[in-house]
Amino acid sequence: MQLTDRDKAILSFINECGFCVMPQIQKEFNLKFPRNYQIMKRLIGERYVLHQQIFKHQHGIYHLTKKGAAQTSLPPVSQISLGGYQHQLLITDVRQQLSIKYPAAKWMSERYLKQQKYYYGIGKAGHIADGILIFPDETKIAIEVELSMKGKRRIEKILSAYGGQLEIAEAWYFCAELVIRPMSSLVKSKSYIKIHSIKEFLHESS
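All of these numbers come straight from a predicted model, not from anything done at the bench.

Points about the layout of surface pockets
Of the voids in this model, the largest pocket is the one considered here, and its volume is about 700 Å³. In this structure, the largest pocket is lined by 28 residues; those nearest its centre are His87, Gln88, Glu110, Lys114 and Asp130. Counting residues per element, the ones that place at least two in the lining of the largest pocket are helix H5 (85-101), helix H6 (110-115) and strand E6 (140-146). By residue number, the principal contributor to the lining of the largest pocket is H6, which donates four residues. Of the residues in the lining of the largest pocket, the class split is nine nonpolar, eleven polar and eight charged. In terms of lining, the second largest pocket is formed by Val21, Pro23, Gln24, Lys27, Gln58, His59, Tyr85, Leu89, Asp93, Gln96, Gln97 and Leu202. Looking at the lining of the second largest pocket, the elements that each hand over two or more residues are helix H2 (22-29) and H5.

Structure follows, in structure tokens:
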């Protein structure tokens, strides 16, 4: 099967995310039913893509085989973490909303950042953002999705690390409702950290 440019773009999108669900693929490529399922069925049939039902009554996820990943710049995901399942899907939702709000900006995913060893932080490995938004003037914004509150000491180290380097201009935290208040308290004196409600952000009109 000859892959089209759109096929290759879909494979790259899925693998950059690690995995995603059909509504995200539809949104990214402006696909309608039944064309969306026809395309994915073909890619699954040719063994570029795997479809897996993780949770009952929820969308199954799409991720790449080794054959599919060979068409992209990243390896396939080695495993799907149940603990990180919702977090990863929300990162992609935030990414897509950011692309609507800032269409000229480019996105660097956590998977790409890890491959490039694009660390920001302290310690031996440092901290890797969930993604980086790069504007046309090369301004870089770290994007973080927080669904639960990390330990105070760990968070403070990450926040201080963002303030201690020059390449990242700001870090935008998209937080679950229960996280907003404690996070806001920690960043009072740090103007380079912005706190957003993930729920409100994802429901903003484009």
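Examining the sheet that holds strand E7 (residues 168-175)
Reading across from one edge, E4-E5-E6-E7-E8 is the order of the five strands in this open sheet, with mixed pairing throughout. At either end of the open sheet lies a strand with only one pairing partner, and these are strand E4 (106-109) and strand E8 (193-197). In this sheet, adjacent strand axes meet at a mean angle of 25 degrees when their direction is disregarded. Where strand E5 (residues 131-134) meets E6, four bridges bridge the pair, whose relative direction is antiparallel. Bridge assignment links Leu133 to a residue of E6, and that residue is Ile141.

Here we look at the packing of aromatic side chains
We describe a pair of aromatic rings using the distance from one ring centre to the other and the angle between the two ring planes. Summed over the entire model, instances satisfying the criterion amount to seven aromatic pairs. Note on Phe19 and Tyr85: the rings are 6.0 Å apart at their centroids and 10 degrees apart in plane angle, and the pair reads as stacked. With Phe19 in the loop between helix H1 (5-17) and strand E1 (20-21) and Tyr85 in helix H5, the pair connects residues that are 66 residues apart, well separated along the chain. With a centroid separation of 5.8 Å and an interplanar angle of 45 degrees, the aromatic rings of Tyr102 and Trp172 are classed as tilted. Linking Tyr102 in the loop between H5 and E4 with Trp172 in strand E7, this pair joins segments that are 70 residues apart in sequence. Assessed through its relative accessible area of 24%, Tyr102 is described here as partly exposed. Ring-pair connections join several aromatic residues into one group, and the members of that group are Phe19, Phe55 and Tyr85. Taking the ring centre of Tyr48 as reference, the NZ or CZ of Lys67 above it sits at 4.6 Å.

Things to note about empty space enclosed by the protein
In this structure the tally under the stated criterion is one cavity of 30 Å³ or more. In terms of lining, the largest cavity is formed by Glu16, Cys17, Gln88, Ile91, Thr92, Arg95, Trp107, Ser109, Glu110, Arg111 and Asp130. It is H5 that contributes the most residues to the lining of the largest cavity, four residues altogether. Along the lines of polarity and charge, the residues of the lining of the largest cavity split into three nonpolar, three polar and five charged.

Conventions and cut-offs
Residues numbered from 1 in each chain as written. Predicted model: local features only at pLDDT ≥ 70, side-chain atom pairs only at ≥ 80, totals over all residues. Heavy atoms only, no water. 1 Å grid on protein atoms, 1.4 Å probe; cavity = no way out; pocket = protein on both sides within 12 Å on 5 of 7 lines; lining within 4 Å. Points joined across faces, edges and corners; volume = space filled by probe spheres on them. Helix = DSSP H or I, 4+ residues; strand = E, 2+ residues; numbered from the N terminus. Nonpolar A, V, L, I, M, F, W, Y, C, P; charged D, E, K, R; others polar. Pairing = 2+ DSSP bridges. Axes fitted to C-alpha atoms, helices over the stretch in contact; angles between N-to-C directions. Phe/Tyr/Trp six-rings, centres within 6.5 Å; stacked < 30°, edge-to-face > 60°. Buried < 20%, exposed > 50% of the residue type's maximum accessible area, 1.4 Å probe, protein only. Lys NZ or Arg CZ within 6 Å of the ring centre and 35° of its normal.

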